[in-house]
Amino acid sequence: MQRRTLIQAAGAAAAGLVAPRLHAQAGDWPAGPVRIIVGFPPGGGTDALARVVGQKLSQMWGQQVLIENKAGVAGVLAAEYVAQQPADGSVLLMAHINSHALAPSLQPKLRYNIERDFTPIVLVGVTPNLLIAHPGQQAKTAKDIAALCKAEPGKISFGSAGNGSAQHLALELFKQQAKVDALHIPYKGSGPLLTDIMGGQIQYSFETMTAATPHVKSGKVIAVAQTRTKRAKGHPTVPTMQEQGFEGFEATTWYGLAGPGKLPKAITDKVNRDVNTVLAMPDVQEKLDMYGAEDGGGSADKFKRFIETETAKWGKVVKDGKVTIDT
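The structure reproduced in this document is the subject of the present report.

A few points about the pattern of salt bridges
Then comes step 1: In total, this model carries 18 salt bridges according to the counting rule given.
Then comes step 2: Between R111 and E80 there is a salt bridge, with the nearest N and O atoms lying 3.2 Å from each other. Remark: E80 occurs in helix α3 (residues 76-83) and R111 occurs in the loop between α4 (97-106) and α5 (114-117); sequence separation between them is 31 residues.
Then comes step 3: On the accessibility criterion, R111 (65% relative accessible area) is exposed.
Then comes step 4: Residue class for E80 comes out buried when judged on its relative accessible area of 13%.
Then comes step 5: With a closest N to O distance of 4.0 Å, K230 and D295 form a salt bridge. Residue K230 is located in the loop between β8 (222-226) and β9 (252-260), and its partner D295 is located in the loop between α11 (282-291) and α12 (300-320); the two are separated by 65 residues in the primary sequence.
Then comes step 6: According to the relative accessible area criterion, D295 is partly exposed, its value standing at 39%.

Here it is, written out as structure tokens:
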């Protein structure tokens, strides 16, 4: 009996030593560089916002926060990669509507499960898309573009960042509401798409506001409409699709930080808290307003619920439009 008591006491003492050590490790995170994986090439909206947030976090943490681009399958390849990484906070994902709300309904053979393989951390921002056009296009209102698509079914070209991307699904929503057909041209990210629309190789795109804004400001493309039911602060003069006769039209692009599944709560809470601090900084808020990124921040649970709502919404669009993609 005495020997058993001594063993139990020793075990309790050991547990008491281990618990503070584990707590200290969580408190000391990050002890090395942190990589934020972006599923698109440089020059797009996801990359731009990741760099804004990453730079501030690097200063706060005293560690390098590296932005790493792994483009492919409209952001899905990057999500697959992060889902397989250790859940120690060294690798995070700039999660995106494509990988976390569209892919589950578009890709039945998806090699990850959103709920099982990811830990939502914080919503960074929600942006409208901008319906943009090359300045030489004659149809420069949403109604005129719809009329053009009716006059030339399947011939009017709309670029996207890839099959199954936010731009692609915004086009599908437009086709459903306007009852038209159009030619979808998928690219590997917003960068090459924008190059071709500025060069006149394609006619239109429901491009992310984050990626399109610099080119709208420079006059290289024109903004026809924005795709939330309210106007974004960064583009107060650009009418919404709803204002142009497309009632309830809302097609956003959104971004948030997520980690691999089973990311420790202590790390999740720290990143959430620090990103909320970053998003409230005046210089960051100014950049977010310019890009049209609004409604970011809040709890990890808020981000989780948001993902669930978006997944259900776009799943219906995919089903109603019988949208399929080649992967």
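A word on the side chain of Q244
Then comes step 1: Take Q244: it is sitting in the loop between β8 and β9.
Then comes step 2: Note on Q244: relative accessible area 12%, which makes it buried.
Then comes step 3: Here A142 takes part through its backbone nitrogen, which lies 2.9 Å from a polar atom of the side chain of Q244.

Overview of helix α9 (residues 209-218)
Then comes step 1: Of all the residues in α9, the buried ones are M209, T210, A211, A212, T213 and V216.
Then comes step 2: A positive phi of about 85° marks G219, the residue just after α9.

With respect to the side chain of N129
Then comes step 1: Among the structural elements, N129 can be located in strand β4 (residues 118-133).
Then comes step 2: With a relative accessible area of 0%, N129 lands in the buried category.
Then comes step 3: A polar contact is formed between the side chain of N129 and the side chain of T253, at a distance of 2.6 Å.

What about the nonpolar core?
Then comes step 1: Ranked by internal contacts, the top residues of the largest apolar core, which has 54 residues, are L131, I145, F158, F174, F206 and M241.
Then comes step 2: Top element by residues in this core is helix α7 (residues 166-178). It accounts for seven residues.
Then comes step 3: What I145 contacts, discounting residues up to four positions off in sequence, is L131, A139, F158, F174, Y204 and V224.
Then comes step 4: Residues L57, W61, I67 and I121 belong to the second largest nonpolar core, which totals 30 residues.

Concerning the packing of aromatic side chains
Then comes step 1: The full count for this structure, using the stated rule, is 10 aromatic pairs.
Then comes step 2: Look at W29 and W61: their rings are 5.0 Å apart centre to centre, the planes differ by 65°, and that puts the pair in the edge-to-face class. With W29 in the loop between α1 (2-28) and β1 (34-38) and W61 in helix α2 (residues 45-61), the pair connects residues that are 32 residues apart, well separated along the chain. Across the pair, W61 and W29 agree in class, each one buried.
Then comes step 3: Within the aromatic cluster, the residues linked to one another by ring pairs are F158, F174, Y204, F206, F246 and F249.

The rules we used
Residues numbered from 1 in each chain as written. Predicted model: local features only at pLDDT ≥ 70, side-chain atom pairs only at ≥ 80, totals over all residues. Heavy atoms only, no water. Salt bridge = Lys/Arg side-chain N within 4 Å of Asp/Glu carboxyl O. Helix = DSSP H or I, 4+ residues; strand = E, 2+ residues; numbered from the N terminus. Buried < 20%, exposed > 50% of the residue type's maximum accessible area, 1.4 Å probe, protein only. Polar contact = N/O pair within 3.5 Å; in protein donor to acceptor, adjacent residues only side chain to side chain. Core = buried A, V, L, I, M, F, W, Y, C linked by side-chain atoms within 4.5 Å. Contact = heavy atoms within 4.5 Å. Phe/Tyr/Trp six-rings, centres within 6.5 Å; stacked < 30°, edge-to-face > 60°.

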